[in-house]
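A structural walkthrough
This is what each chain is made of:
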Amino acid sequence: KSPTDGWFTQRGGEKMNDFDLILFLLAFLFICGILSYPSLTEHFWIPSWRGAMIEAEQGTELQSTAHGKEGTVADAEDSANLKPVKAVDRVEAVREAFRHAWKGYKAFAWGHDELKPISKTHGEWFGLGLTLIDALDTMWILGLKDEFAEAKKWVETELSFSKNVDVNLFESTIRVLGGLLSTYHLTGDTLFLDKAKDIGSRLMPAFKTPSKIPYSDVNIGKGTAHPPRWTTDSTVAEVTSIQLEFRELSRLTKDPQYQNAVEEVTRHVHRLEGKRDGLVPMFINTNSGKFTRRGAFTLGARADSYYEYLLKQWLQGGKKETELLEDYLQAIEGVRKNLLRQTSPSKLTFVGELSNGRLNPKMDHLVCFLPGTLALGAHNGLPADHMELALQLMETCHQMYAQMETGLSPEIAHFNLQSNNGRDIDVKPADRHNLLRPETVESLFYMYRFTNDSKYRDWGWDILQNFNKYTRVPSGGYTSIGNVRDPLNPAPRDKMESFFLGETLKYLFLLFSDDNELISLDKYVFNTEAHPLPIWPSTSSGRSPELS
C-alpha cells in the first residue's frame, strides 16, 4: 500500500499508533466544536479590497458567492470542509447589511444627510437628515424595530423644516415627502403625516412661475423659489416625477392645492410640442413652458422617471386617467422605434440615446428601472410584448454587472454594434464608478414577483455579495467606488448615498422575501425613491377620492 492509503500517516510515512490516532481525533472534534459555537467565533476577520479588513458580525456573516454556503467571502471553500452546508438566509443577510450601514450612519453622521464612511464623518446637502428619512420605511419593512424607534425619536424631536436653506424640489419630494408619506401609511403614526404636510406646504412656492412649470430650487425657510444659477430651465424628469407624492398629500389632507399644482404640469407636458414619438426632451423652460435643447432623447438621467410616473400615476388613480396611459404606451413605442438596438456579438437588447437624429449606443445604469416598469405594466393588462422587452432588458442590466471584474455595474455603459469587436459592453474611464444604485435590483424585484423565476434572486444575491466584497467599510457603512473594472483597487469614494438604504437594500429584501403580500404590487405603487404609496380606492373619476 501507499503510505497515504488506509490510516492517517505521520511525516515519514509511518503509521499512527492507536494513541496518536485518538489524540488526533479528539483535537479534530474539539476544533469543530469551537467553530460551531457562535459565541466563541463572534469576532473574526475577512480580507477585503486593498488589504482592508472587514469585521464579521455574529450570526449574520457575509455568504459565499458561489454555492450559497455559509461562511466568509474569502474562506467559503475552507469552511465548507469544516461544517455542514447550510442554506443561506438571504433575507437575514440584507438585514445584516442594513445594520452595518446604519451602524456607520449612527456613529458618524447621525441626523445628517449622508455618511462618509471611510473618513468617518458626514456630508450635508439640505441639512434634513436625508439618509434617516429615506430609511424609515425600509427599517419598518425589514422589521428593525429598535433602529426604527430611535429614528422616529429623532424625527419627533430634531427634524425641523424651518431652515434658511435651498433644497431641490424633486429630491426633497421623492426622498423626504415620499418617505414621510410612506412611513405614515405603514405605521399609521400621524407624526409622519404632520411632517409631510409641513414639508409639502413649504415646497409649494416652486410652482409660482410664469408657466406653472416649477423651479428646481426652493428655500423652505423663506418661502422663495428660483431656478439654478446657470439657467432658467428645469429638467423634465424632475418636474414630472413629483406627482405621486403631491397627489397623495392632497388625498390625505383633503387640500387640493398640491394635486392641482402637479396635475397642471402633467397636462401642460401632455399637450406640449417637441416630442418624438412620445419621447420627451430633457429640459423645459420655466418662463416659456416649452421644451429646450430639443435634439436629445434618452431614458437615462433628466428624463427617466417621466416615463415611470406616467404608468404609476395611472395605477395610483385606479387606471382611470386615460391620457397618462396613452402617453405611456406611445412612449414605449417611441423607445422601440428610435432607441432600441442589439449588441454584437451576443445580441443584448439595450436602450440607446438619440442626439440630433443620431443614435449613441450608450445606456445609463438609471435606465435599468425600465424592465421593472414594463413588467409592472404588463401585469396590469398592457401588451404582452412589454413583458418580452422587459425580459430582454433585464438580461442586459444583469450583464452590466456580470461582465465587470468586480461584478458591479458602471454608472454608464457603451454597447458594441460592430461585428468585429469581441466585447458587448465597453466602459469609458470616466464612467466606471458605482454609486450603490438601486435600479437593477428594483427591476429584479418586479421580475421575480411576476415570473417566480429564481434566477432573478440569484442575480440579486450576486450583487449583494459584491457590494459586501468591494464596498463595505469595516467601521460601518458602504461606499461608492470609482472603478468597477479593478477588483484590486476599486477606488472607494467615501460616500454612502441615502438611496442605498432607502432603495437598494429595500428592493433586495423584497426580492428575497417569500411574502408576496409584503407591499403587494396590487395595493401599492413605489415612488421613484422606493417609497410605497397606496393605490387609491376605486372612484368614478381619476381625481383623488376625497377631492372628487
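All residue numbers here refer to positions counted from 1 along the written sequence of the relevant chain. The predicted nature of this model means local features are confined to residues of pLDDT at least 70 and side-chain atom pairs, given and counted, to a pLDDT of 80 or more, with totals for whole chains, interfaces and linings taken over all residues. In computing side-chain properties, one takes all heavy atoms of the structure into account and sets aside hydrogens as well as water.

As annotated in an unreviewed UniProt entry, the chain carries the name alpha-1,2-Mannosidase and is attributed to Cyprinus carpio carpio. UniProt positions are given in the numbering used here, feature names are shortened, and annotations may be inferred rather than shown by experiment. Listed in UniProt under the heading Pathway (unreviewed entry), the comment for the chain reads: "Protein modification; protein glycosylation."

1. Digging into unusual backbone geometry
Most peptide bonds take the trans form, and the phi angle of most residues other than glycine is negative. Here the residue pair serine 344 and proline 345 is connected by a cis peptide bond, since its omega of 5° sits within 30 degrees of zero. Even without being a glycine, lysine 212 presents a positive backbone phi close to 70°. Every helix listed is a DSSP run of H or I at least four residues long, and every strand listed is a run of E at least two residues long, numbered separately from the N terminus. One can find lysine 212 in the loop between helix H7 (190-203) and strand E6 (217-219). The classification of residues rests on relative accessible area computed with a 1.4 Å probe and restricted to protein chains. Under 20% of the type maximum is buried, over 50% is exposed, and intermediate values are partly exposed. Judged by relative accessible area, which is 38%, lysine 212 ranks as partly exposed. Even without a glycine there, the phi angle at lysine 254 is positive, about 60°. Turning to its location among the elements, lysine 254 is positioned in the loop between helix H9 (243-253) and helix H10 (257-270).

2. Some details on the environment of cysteine 368
With respect to the helices and strands, the residue cysteine 368 is situated in the loop between strand E16 (362-364) and helix H13 (370-379). For the pair formed by cysteine 368 and glutamate 439, sequence separation is 71 residues and the distance between their alpha carbons is 5.2 Å. What makes two residues a contact is simply this: any of their non-hydrogen atoms within 4.5 Å. With near-sequence residues (within four places) excluded, cysteine 368 lies in contact with Met363, Cys397, Met400, Glu439, Thr440 and Ser443.

3. Examining the UniProt feature "active site" (unreviewed entry) in the chain
The UniProt record annotates "active site" (unreviewed entry) at Glu171, Asp304, Glu411 and Glu439. Owing to a relative accessible area of 13%, aspartate 304 belongs among the buried residues under this scheme. Residues within four places of aspartate 304 in sequence aside, it is in contact with Ala237, Leu299, Leu366 and Phe369. With respect to the helices and strands, glutamate 439 occurs in helix H15 (residues 439-451). Judged by its relative accessible area of 9%, glutamate 439 is buried. Dropping the residues within four chain positions of it, glutamate 439 is found in contact with His365, Leu366, Cys368 and Phe369.

4. Observations concerning the nonpolar core
Counting 151 residues, the largest nonpolar core has Leu136, Phe246 and Val351 as the members making the most contacts within it. Once residues within four sequence positions are removed from consideration, leucine 136 is found in contact with Phe148, Ala151, Lys152, Val155, Leu180, Thr183 and Phe192. Take the buried residues of types Ala, Val, Leu, Ile, Met, Phe, Trp, Tyr and Cys, join any two whose side-chain atoms come within 4.5 Å, and each joined set is a nonpolar core.

5. Description of the sheet that holds strand E7 (residues 224-226)
Pairing is antiparallel in the open sheet, where three strands are placed in the order E5-E6-E7. One side of each edge strand has no neighbouring strand; the edge strands of this open sheet are strand E5 (166-168) and E7. In this sheet, neighbouring strand axes are inclined to one another by 30° on average, regardless of whether the strands run parallel or antiparallel. For two strands to count as paired, DSSP must find a minimum of two bridges between them. Bridge count between E5 and E6: three bridges; the pairing is antiparallel. In the strand pairing of E6, aspartate 166 is matched with asparagine 219. For every element, the axis is a line fit to its C-alpha atoms; helices are fit only across the contacting stretch, and the angle between N-to-C directions ranges from 0 to 180 degrees.

6. A closer look at the state of the cysteines
When the sulfur atoms of two cysteines come within 2.5 Å, that pair is taken as a disulfide. Across all of its chains, the model carries one disulfide by this definition. The partner cysteine of cysteine 368 in its disulfide is cysteine 397, sulfur to sulfur 2.1 Å. Across the S-S bond of cysteine 368 and cysteine 397 the torsion is about -100°, and the bridge reads as left-handed. Of this pair, cysteine 368 sits in the loop between E16 and H13 while cysteine 397 is found in helix H14 (residues 384-402), placing the two residues 29 residues apart along the sequence. With a relative accessible area of 1%, cysteine 397 lands in the buried category.

7. As for helix H5 (residues 145-157)
Helix span, as expected, comes to 1.5 Å for every residue beyond the first. In this model H5 runs 18 Å from its N-terminal to its C-terminal C-alpha over 13 residues, within 8% of the 18 Å that 1.5 Å per residue would give. Listed in full, the buried residues belonging to H5 are Glu147, Phe148, Ala151, Trp154 and Val155. One face of H5 carries all of its buried residues, which in axial projection span an arc of 120°. Exposed positions of H5 whose direction lies more than 90 degrees from the buried face are Lys145, Asp146, Lys153, Glu156 and Thr157. In this structure, the buried residues of H5 make contact with helix H3 (90-108), helix H4 (130-142), helix H6 (169-187) and H7. Each C-beta atom gives one direction from the helix axis, and the arc is the one those directions make.

8. Quick notes on the pattern of salt bridges
Oppositely charged side chains are able to pair whenever their charged atoms sit close together. Salt bridges are identified by distance alone: a Lys or Arg side-chain nitrogen within 4 Å of an Asp or Glu carboxyl oxygen. A complete count under the given rule lists 27 salt bridges for this structure. Note that arginine 472 is salt-bridged to glutamate 96, the shortest N-O span being 2.9 Å. Pair noted here: arginine 472 is in the loop between helix H16 (455-470) and helix H17 (498-512) and glutamate 96 is in helix H3, with a separation of 376 residues, a long-range link. Side by side, arginine 472 and glutamate 96 carry an identical accessibility label, which is buried.

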